[in-house]
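As a plain string of letters, each chain reads:
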Amino acid sequence: MELELTHTGAVLTLTLNRPEVLNAFNTAMHEQLAAALVEAADPSVRAVVVTGAGRGFCVGQDVSEFPREPELVGELLRRRYNPNLLALCSLEKPVLAAVNGVAAGAGLALALACDIRIAADSASLVPAFIGIGLVPDSGLSYTLPRLIGADAALAWLISGEKLSASDARDRGLVSAVVAADALAGEAASLAADLASRPTRAIALTKRLIDGATGATLRQQLEREAIEQTAAAAGEDFSEGVAAFLEKRAARFTGR
């Protein structure tokens, strides 16, 4: 299988599994990722981890399957990459990227589309597109400026500079760097913690943050009122208040 799924409690781990080519995307991996993201959307899954097998996280498209006709390149994005990126970003639960090795091109875009990123100290991030005469795709021109600002995003994209894990952390692209042999355990621990939280409120918070760019303050205040109404109607809010009053740990269900 080009993609392995592992369920641990309420956490689903998606492992890109073509280590011999640094987990480059081929047709089978695209198709298996699409199916995995349907499974990830199930309410029983309360947190998702995306990682890679072997030395790489993902280096983007497998060049052996890269379209030779220019018009087919856009078709590949529309048929394969874009639906999967939209499905990933639409998950109503926290999504964690455990960047275990090089993340380049569309693989970098995949990592940045996740909500949180932690990286092994051996990992690296490479925009890659400019180096082969292409423009960023798979949402990278959307996610990267939101993380580091438009000017910094443009400067990095056109430089093609390879960033170490520590440089990526310093620039705000990953939140933590850990020893390579500790990454899987750290990711599992963080994902389990996220899964125990009020994941419905996390989903609503993701929606608010996504809509904030370009909104006026007045518009965002109204959106907050709408989403807060939805959160207050949930079971997790009632449980959170009860746990606070009873001085006990809350038992959230994501409802």
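Here's a quick rundown of the structure.

The rules behind these values
- Residues numbered from 1 in each chain as written.
- Predicted model: local features only at pLDDT ≥ 70, side-chain atom pairs only at ≥ 80, totals over all residues.
- Heavy atoms only, no water.
- Buried < 20%, exposed > 50% of the residue type's maximum accessible area, 1.4 Å probe, protein only.
- Helix = DSSP H or I, 4+ residues; strand = E, 2+ residues; numbered from the N terminus.
- Pairing = 2+ DSSP bridges.
- Contact = heavy atoms within 4.5 Å.
- Polar contact = N/O pair within 3.5 Å; in protein donor to acceptor, adjacent residues only side chain to side chain.
- Axes fitted to C-alpha atoms, helices over the stretch in contact; angles between N-to-C directions.
- Parallel < 35°, antiparallel > 145°, perpendicular 65-115°, else oblique.
- Left-handed = near helix turned anticlockwise from the far one by under 90°.
- Nonpolar A, V, L, I, M, F, W, Y, C, P; charged D, E, K, R; others polar.
- Phe/Tyr/Trp six-rings, centres within 6.5 Å; stacked < 30°, edge-to-face > 60°.
- Salt bridge = Lys/Arg side-chain N within 4 Å of Asp/Glu carboxyl O.
- Patch = residues over 30% accessible without salt bridge, like charges linked within 9 Å, V, L, I, M, F, W, Y side chains within 5 Å.
- Areas by Shrake-Rupley, 256 points an atom, 1.4 Å probe, with all protein chains shown as cover.
- Core = buried A, V, L, I, M, F, W, Y, C linked by side-chain atoms within 4.5 Å.

Among the 5 residues in strand S5 (residues 95-99), 5 count as buried, and that is most of the element. Taking every second residue as pointing to the same face, both faces of S5 are buried, with Val95, Ala97 and Val99 on one and Leu96 and Ala98 on the other. Sheet topology note: the strand S3 (residues 47-52)/S5 ladder contains 4 bridges and is parallel. Each bridged residue has a counterpart across the sheet, and for valine 49 the counterpart in S5 is leucine 96.

Next up on the list: the environment of proline 127. Its place among the elements puts proline 127 in the loop between strand S8 (124-126) and helix H4 (140-148). We classify proline 127 as buried; its relative accessible area is 1%. Sequence spacing of proline 127 and alanine 215 is 88 residues, and the spatial spacing of their C-alpha atoms is 28 Å. Setting aside residues no more than four positions away along its own chain, proline 127 makes contact with Gly105, Leu108, Trp156, Leu157, Gly160 and Glu161.

Within the fold, asparagine 100 resides in the loop between S5 and strand S6 (102-104). Given a relative accessible area of 12%, asparagine 100 falls into the buried group. A distance of 3.0 Å separates a polar side-chain atom of asparagine 100 from the backbone oxygen of glycine 52. Filtering out sequence-adjacent residues up to four positions away, asparagine 100 remains in contact with Thr51, Gly52, Ala53, Gly54, Arg55, Gly56, Phe57, Ala120, Ser122, Ala123 and Leu183.

The angle between the axes and the distance between the axes are what describe a pair of packed helices. The contact between helix H1 (residues 27-40) and helix H2 (residues 70-89) brings their axes to 10 Å, and the two run at 30°. Our classification of the angle between H1 and H2 gives roughly parallel. Here the hand of the crossing between H1 and H2 comes out left-handed. Contacts from Thr27, His30, Glu31, Leu33, Ala34 and Leu37 of H1 reach H2 at Leu76, Arg80, Tyr81, Asn84, Ala87 and Leu88. Class assignment of the residues belonging to the contact of H1 with H2 gives a composition of 7 nonpolar, 3 polar and 2 charged.

Tallying each qualifying case throughout the model produces 1 aromatic pair. Here phenylalanine 25 and tyrosine 81 contribute two aromatic rings whose centre-to-centre distance is 5.5 Å and whose plane-to-plane angle is 75°, an arrangement assigned as edge-to-face. With phenylalanine 25 in the loop between strand S2 (11-16) and H1 and tyrosine 81 in helix H2, this residue pair connects regions lying 56 residues apart in the sequence. Judged on exposure class, the residue phenylalanine 25 and its partner tyrosine 81 are both buried.

Throughout the structure, instances matching the rule amount to 13 salt bridges. A salt bridge links glutamate 92 to arginine 207; the nearest nitrogen and oxygen atoms lie 3.1 Å apart. Of the two residues, glutamate 92 sits in the loop between H2 and S5 while arginine 207 sits in helix H8 (residues 199-212), which places them 115 residues apart along the sequence. Relative accessible area serves as the criterion here: at 41%, arginine 207 is assigned to the partly exposed category. The structure contains a network of salt bridges with shared partners spanning Glu92, Arg200, Arg207 and Glu227.

Looking now at a nonpolar patch on the surface. Taken together, the side chains of Phe237, Val241, Phe244 and Leu245 present a nonpolar region at the surface, about 450 Å² in accessible area. By the secondary structure assignment, leucine 245 is in helix H10 (residues 235-245).

Within the largest apolar cluster, 47 residues are counted, with the highest numbers of intra-cluster contacts made by Leu14, Val50, Phe57, Leu88 and Val99. No other element matches helix H3 (residues 106-113), which puts 7 residues into this core. In this structure, Val11, Leu96, Ile118 and Leu194 belong to the second largest nonpolar core, which totals 13 residues.

Packing of H2 against H3 leaves a shortest axis separation of 10 Å and a crossing angle of 20°. Classified by the interaxial angle, the pair formed by H2 and H3 is roughly parallel. Taken as a pair, H2 and H3 cross one another with a handedness that is right-handed. Facing Tyr81, Leu85, Leu88 and Cys89 of H2, the residues of H3 in contact are Ala106, Ala109, Leu110 and Ala113.

In short, the description is geometric, and any link to function would need to be established separately.
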